[in-house]
Amino acid sequence: MSRYNLIDESWIPVRNLNGRLSEVGIKDVLLRSRELATIEDPSPLVVAALHRFLLAVLYRALKGPTDIEHAKRLFRDGFPAKEIADYLESWRSRFFLFDEKYPFGQIPSFTPKTWRPWTALAAEHNADNAKVLFDHVSVEAPGAIPFANCVRWMLATQTFSLSCGKSELAHTGTAPSATAIMVLPIGRNLADTLAYALVPENREVIADDHPIWEREPEVVTSLIDKVERKASGWADRYTWRARAIRLEPNIHLDGCVSRLALASGVSFEPGVERPDPMLGYRLDEKKGKLALQFRPRGLWRNFDSILPDPTGLAPLVIENAVLLSRLDRRRFPIAVMALGQKNDPPNPILEFWRMEQFALPEALAADREIRGEMRRLLDAAEEGGKTLDSACFSYCQHILVRVERDGGLGKQEKDTIRDMSRSLGITTRYWSILEASFHQMLHDYAGERDFESIHAHWLRHVREAMKSAWASHRASVASGNAWAIRALVKAEGQISRWLAELDKDIHALEEVA
């Protein structure tokens, strides 16, 4: 018996323009997208996966956009309600969460050797490799979860699954974009957000670009032998079946799932294809073009990497958002969101998942290439950080090694000094202060403001962050012994010299501005 159709059931978490949270179905979220502000969920992975899912629906329902003029019409006039409603109705039978032949996103013929708890779907609760700190859900007795939660986590699992090397079906590895930073320009309403991300795709590609619900579910025997193919287009890639899943409804709790089947799905075969529109890239000397990934430090320190420039490495969604918003400057994106996770390959253990949000510089709307300008600003901050690191190393060296020696320091001594230097937390304070200033600088980056003025203003922020970070260290040492004060004085020379050069740069920029 078919039940729980995702077109009508309430399962997508949204916030409307008045700030009220609710859950809606596919039809409502798309037809009322101008009345909604955002898709909102505690998990960044779920937020990214839901946007990619809805974009796949739109690509198929609208049969486009196939060029920038088509994209502009959709942005100006809105998404045609009849085309969306007709498409959803024509595929209604494929959106039932439970169905004998076509359960949404699942393999109906898959009966596992061992059923797994629902926690296997959620990165926040999965304990296959390591339990999340402060997660109090028991893997042995996790209970059950509502269908709505299950669908959201199932989409996130398909989008962000990592290779873990164990499966009762053929091993298929990591989902296509699982370890990349996914970038999304945010509009004043959900309609604008989705329109920004609907990057035009070739007409012939769109015609044959089938998402997961338009495809016949793979059979278990073929998955055991391994199914591998290339993505037919972005709708296919956005809904890739990275894992074979089958949900089992709880017979005692109506509307809930307590256990499921989970194993490897379809292997993604890389090919010569257009890049994932939500990803930014970098060039590696040996490996070529690689997707940007989160690092332990904040993305803001490499913010230039997601801004458009002639290299074509920036996320296509950013370029599309800038082009569309030139039709109406009042609809320029209010923010850009970066979502994703980080692991330590080849290990499948997640280090963290993250969502960061930034203002998108309005200067982009004025056809101004600011990627190079942004890199110069960030390079100045990096130079300050290196100077601070060097001063901290010098301070710790003079604390631990109190006499000059021929031959310099050994590796073990350098490692000990470096560890002590990091433990001081001085550079951490420096970057923390600068991060807040960086966000303010993005808001100030308006089209009419010249770069020299912005540059001088930013260098003043760098100077104050350096002074504040070092002053806190100096205060902690002031009551120390003579050796500590001596080490402080020796190290402080580097700081003073760098600040003097910085003052000259600021003065020169102020004269030009």
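Residues numbered from 1 in each chain as written. Predicted model: local features only at pLDDT ≥ 70, side-chain atom pairs only at ≥ 80, totals over all residues. Heavy atoms only, no water.

Colleague: Is there a simple way to think about the packing of aromatic side chains in this case?
Modeller: Geometry of an aromatic ring pair is reported as the spacing of the ring centres plus the angle between the planes. According to the stated counting rule, one finds 19 aromatic pairs in the structure shown. Look at Phe438 and Trp458: their rings are 6.2 Å apart centre to centre, the planes differ by 75°, and that puts the pair in the edge-to-face class. Of this pair, Phe438 sits in helix α13 (residues 426-444) while Trp458 sits in helix α14 (residues 451-477), and the two are 20 residues apart along the sequence. Through successive ring pairs, a cluster of aromatic residues spans Trp300, Phe303, Phe358, Tyr430, Trp431, Phe438 and Trp458. For the cation-ring pair, Lys289 lies above Tyr281, with the distance from its terminal atom to the ring centre recorded as 5.0 Å. Across from the ring centre of Phe75, 3.7 Å away, lies the NZ or CZ of Arg331, which sits over that ring. (Phe/Tyr/Trp six-rings, centres within 6.5 Å; stacked < 30°, edge-to-face > 60°. Helix = DSSP H or I, 4+ residues; strand = E, 2+ residues; numbered from the N terminus. Lys NZ or Arg CZ within 6 Å of the ring centre and 35° of its normal.)

Colleague: What am I meant to see in unusual backbone geometry here?
Modeller: Note: most peptide bonds trans; most residues except glycine with negative phi. The peptide bond linking Gly64 to Pro65 adopts the cis configuration, its omega dihedral lying at 10°. For Pro65, the position within the fold is in the loop between α2 (44-62) and α3 (68-77). The backbone phi angle of Tyr4 is positive, close to 60°, even though this residue is not glycine. Even without being glycine, Lys226 reaches a positive phi, approximately 90°. Take Lys226: it is sitting in the loop between α8 (220-225) and β9 (228-229). Assessed through its relative accessible area of 40%, Lys226 is described here as partly exposed. (Buried < 20%, exposed > 50% of the residue type's maximum accessible area, 1.4 Å probe, protein only.)

Colleague: What is the right way to look at the pattern of salt bridges in this model?
Modeller: Summed over the entire model, instances satisfying the criterion amount to 36 salt bridges. Its salt-bridge partner being Glu40, residue Arg15 comes within 2.5 Å of it at the nearest N-O pair. Here Arg15 is found in strand β2 (residues 12-16), whereas its partner Glu40 is found in the loop between β4 (36-39) and α2, with 25 residues between them in sequence. Judged by its relative accessible area of 30%, Glu40 falls in the partly exposed class. Put simply, Glu501 and Lys504 hold a salt bridge, and the shortest N to O gap is 3.6 Å. Of the two residues, Glu501 and Lys504 are both situated in helix α15 (residues 482-512); the distance of three residues between them amounts to about one turn of the helix. (Salt bridge = Lys/Arg side-chain N within 4 Å of Asp/Glu carboxyl O.)

Colleague: Quick question: what am I supposed to make of the sheet that holds strand β15 (residues 335-343) here?
Modeller: Adjacent strands of a sheet form backbone hydrogen bonds with each other and so pair up, either parallel or antiparallel. The antiparallel open sheet is built from three strands, whose spatial order is β8-β15-β16. What marks the edges here is a single partner per strand, and that holds for β8 (182-186) and β16 (350-358). Across the sheet, the mean angle separating the axes of adjacent strands is 15° when strand polarity is ignored. Across the sheet, α2 touches β8, β15 and β16, and the angle it forms with β15 is around 115°. (Pairing = 2+ DSSP bridges. Axes fitted to C-alpha atoms, helices over the stretch in contact; angles between N-to-C directions. Contact = heavy atoms within 4.5 Å.)

Colleague: Even after reading the chapter, I still don't get the packing of helix α11 (residues 371-400) against helix α12 (residues 411-423), so can you show me in this structure?
Modeller: For any two helices packed against each other, one specifies the crossing angle of their axes together with the interaxial distance. The geometry of α11 relative to α12 is characterised by a closest axis approach of 9 Å and an angle of 115° between their N-to-C directions. Here the hand of the crossing between α11 and α12 comes out right-handed. Touching Asp389, Cys392, Phe393, Cys396, Gln397, Ile399 and Leu400 of α11 are Lys414, Thr416, Ile417, Arg418, Met420 and Ser421, all from α12. Looking at the contact of α11 with α12, its residues break down into seven nonpolar, three polar and three charged. (Left-handed = near helix turned anticlockwise from the far one by under 90°. Nonpolar A, V, L, I, M, F, W, Y, C, P; charged D, E, K, R; others polar.)

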